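So the chains spell out like this:
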Amino acid sequence: MAVSDYDQFAKAYALENESSLLNAYYERPAMLELAGDVCGHDILDIGCGAGPLTDQLVKRGAKLSGFDASAAMIDIAKQRLGETAELRVAKLGEVLPYEDNSFDDAVASLVFHYLPDWSFALQEVRRVLRPGGRLLISVNHPILYPWNHRGKDYFKVTEYTDEVSLNGESAELSYWHHPLHVTMSAFIDTGFSIERVWEPPYSKDAPQAVVPEALRDRDAFLSFIFFTLRAM
Ligand SMILES: C[S@@+](CC[C@H](N)C(=O)[O-])C[C@H]1O[C@@H](n2cnc3c(N)ncnc32)[C@H](O)[C@@H]1O
């Protein structure tokens, strides 16, 4: 059965993403902090989904293009963003529909972990970035797979499936687990320098209601890992 097909649960995912701890109060604020001042930057949002990050970057004065493999997600993003961003259906892992040297930055929130092999995807992102451009990535933290699937081999690149609840609807998502050294090698081998590796806390703005009791006294939250890379 095909899993991770966002066309099947686009609306539920988009709603979940607006207010969930993982997206609204953890992943998105962390990406925006990594991005910093982007006023006047040309930015590509890779796997933009319903466009919540795209929207925030537009509001900070950047010029946005975005793409997603799911036509249903792009439809929702278009309703949100109108003419303020250039949006299209395209697939990370294939040749990207952009000219060389088009962007100052690329952001890829929670999308690379759907790919078994990152090399070609990274080469393509590097091609469309200007020299010295940044690629900001968030993905499932590599601890998640052996943590949630006890006894599994951390060192093996493996596809695994998790059941998730999206705005009350259940769905299955399949991800590719990559041990950290494989991820780092892919960055280096495709000509990126690694400027930052970050395991951020969730946002202090998170309402108590969205933070599970067990996490309330923590200021670290290991679910995703973040990278700032620079095209050499
Ligand atoms: C977890 S969602 C994140 C969406 C958005 N980046 C955000 O943070 O709100 C992952 C998105 O990646 C898209 N996606 C998965 N594989 C993709 C691929 N190979 N190319 C482009 N988009 C992909 C999905 O359709 C989905 O919209």
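The numbering scheme is per chain: residues are counted from 1 as the chain's sequence reads. Since the coordinates come from a predicted model, pLDDT governs what is reported: local features require at least 70, and pairs of side-chain atoms require 80 or more to be given and counted, while whole-chain, interface and lining totals use all residues. The basis for every side-chain value is the complete set of non-hydrogen atoms in the structure, without hydrogens or water.

Draft legend 1. Representation of the packing of aromatic side chains in the model. Note on aromatic pairs: the rings of Phe, Tyr and Trp (six-membered ring only in Trp) are paired at centre separations within 6.5 Å, and the planes decide the class, stacked below 30 degrees, edge-to-face beyond 60, tilted for the rest. This model, assessed by the stated rule, comprises 17 aromatic pairs. Aromatic side chains Tyr6 and Phe9 sit 5.1 Å apart centroid to centroid with 65° between the ring planes, which places their arrangement in the edge-to-face category. Buried, partly exposed and exposed residues are distinguished by accessible area as a fraction of the type maximum, computed with a 1.4 Å probe on protein chains only: under 20%, between the cut-offs, and over 50%, respectively. A relative accessible area of 14% places Tyr6 in the buried class. Residue Phe9 is classed as buried on the basis of its relative accessible area, which comes to 7%. Where Tyr6 meets Tyr13, the ring centres are 5.2 Å apart and the plane angle is 85°; that geometry is what we call edge-to-face. Of the aromatic side chains, those joined through ring pairs into one cluster are Tyr6, Phe9, Tyr13, Tyr114, Tyr145, Tyr160 and Tyr175. Counted as over-ring charges are cases with an Arg CZ or a Lys NZ within 6 Å of the ring centre that also lie within 35 degrees of the ring normal. A cation over an aromatic ring shows up here: Arg150 above the ring of Trp147, its NZ or CZ 4.7 Å from the ring centre.

Draft legend 2. Summary view of empty space enclosed by the protein. Space inside and on the surface of the protein is sampled on a 1 Å grid over the protein atoms alone, with a cavity defined as a set of points where a 1.4 Å probe fits but cannot get out and a pocket as an open set with protein on both sides within 12 Å along at least 5 of 7 lines; lining residues have an atom within 4 Å of a point. Grid points are joined across faces, edges and corners, and a volume is the space filled by probe spheres set on the points. Summed over the entire model, instances satisfying the criterion amount to one cavity of 30 Å³ or more. Roughly 120 Å³ of internal volume is contained in the largest cavity. The wall of the largest cavity is formed by 14 residues, among which Val139, Asn140, Pro142, Trp176 and His178 lie closest to the centre. For the lining of the largest cavity, the elements supplying multiple residues, two or more each, are strand E5 (129-140), strand E7 (169-177) and strand E9 (224-231). Strands are runs of DSSP state E lasting at least two residues, helices are runs of H or I lasting at least four, and both sets are numbered from the N terminus onward.

Draft legend 3. Summary view of the pattern of salt bridges. For this analysis, a salt bridge means a side-chain nitrogen from Lys or Arg found within 4 Å of a carboxyl oxygen belonging to Asp or Glu. Within the structure shown, the criterion is met by ten salt bridges. Arg216 serves as the salt-bridge partner of Glu213, at 3.8 Å between the closest nitrogen and oxygen. Taking relative accessible area as the criterion, Glu213 reaches 65% and is therefore assigned exposed. Looking at Arg216, the relative accessible area reads 36%, which means it is partly exposed. Via salt bridges that share partners, Asp42, Asp104 and Arg130 belong to a single interconnected network.

Draft legend 4. Quick peek at the environment of His113. The residue His113 is located in the loop between strand E4 (103-109) and helix H5 (119-128) in this model. Given a relative accessible area of 3%, His113 falls into the buried group. Distance from His113 to Pro29, taken between C-alpha atoms, is 20 Å for residues 84 residues apart in sequence. In this description, contact between two residues means that some pair of their heavy atoms is separated by no more than 4.5 Å. Beyond its immediate stretch of four places on either side in the chain, His113 contacts Trp118, Val139, Asn140, Tyr175 and Trp176. Whenever two N or O atoms come within 3.5 Å, that pair is a polar contact, provided that in protein one can donate a hydrogen and the other can accept it, and provided that, for residues adjacent in sequence, both atoms are side-chain atoms. At 3.1 Å, the side chain of His113 and the backbone oxygen of Leu110 are in polar contact.

Draft legend 5. The arrangement of unusual backbone geometry in detail. One non-glycine residue, Leu110, lies in positive phi territory at about 60°. Within the secondary structure layout, Leu110 lies in the loop between E4 and H5. A relative accessible area of 14% means that Leu110 is categorised as buried. Positive phi is not limited to glycine here, since Asn167 has a value of about 50°. Along the chain, Asn167 falls in the loop between strand E6 (158-166) and E7. The exposure class of Asn167 is partly exposed, given its relative accessible area of 46%.

Draft legend 6. Spatial organisation of the sheet that holds E5. Between any two strands, at least two bridges found by DSSP are needed for them to pair. Overall, mixed pairing links the seven strands, which are arranged E3-E2-E1-E4-E5-E9-E8 in an open sheet. Every interior strand has two partners, whereas the edge strands, strand E3 (85-89) and strand E8 (192-198), have only one. Adjacent strand axes in the sheet meet at a mean angle of 15°, parallel and antiparallel pairs treated alike. Where helix H4 (residues 71-81) meets the sheet, its contacts fall on strand E2 (63-68) and E3, and the angle it forms with E3 comes to roughly 165°. Helix axes are fitted only over the stretch in contact, all axes being lines through C-alpha atoms; the angle between N-to-C directions runs from 0 to 180 degrees.

Draft legend 7. Just the site of the ligand, in detail. The environment of the ligand is made up of 20 residues, and the closest members are Asn17, Gly47, Asp68, Leu92 and Ser109. A distance of 3.0 Å is found between a nitrogen atom of the ligand and a backbone nitrogen or oxygen belonging to Ser109. Computed by Shrake-Rupley with a 1.4 Å probe, the accessible areas treat only the displayed protein chains as cover when residues are assessed. Burial of the ligand by the surrounding chains reaches 94%, relative to a free accessible area of 590 Å². Elements represented by at least two residues in the shell around the ligand include exactly helix H1 (10-19) and E2. When residue character is reported, Ala, Val, Leu, Ile, Met, Phe, Trp, Tyr, Cys and Pro are called nonpolar, Asp, Glu, Lys and Arg charged, and the others, Gly included, polar. Broken down by class, the residue content of the shell around the ligand amounts to 13 nonpolar, five polar and two charged. Any residue with a heavy atom positioned within 4 Å of a molecule or strand is treated as near that molecule or strand.

The quantities given are spatial measurements derived from coordinates; they are silent on function.
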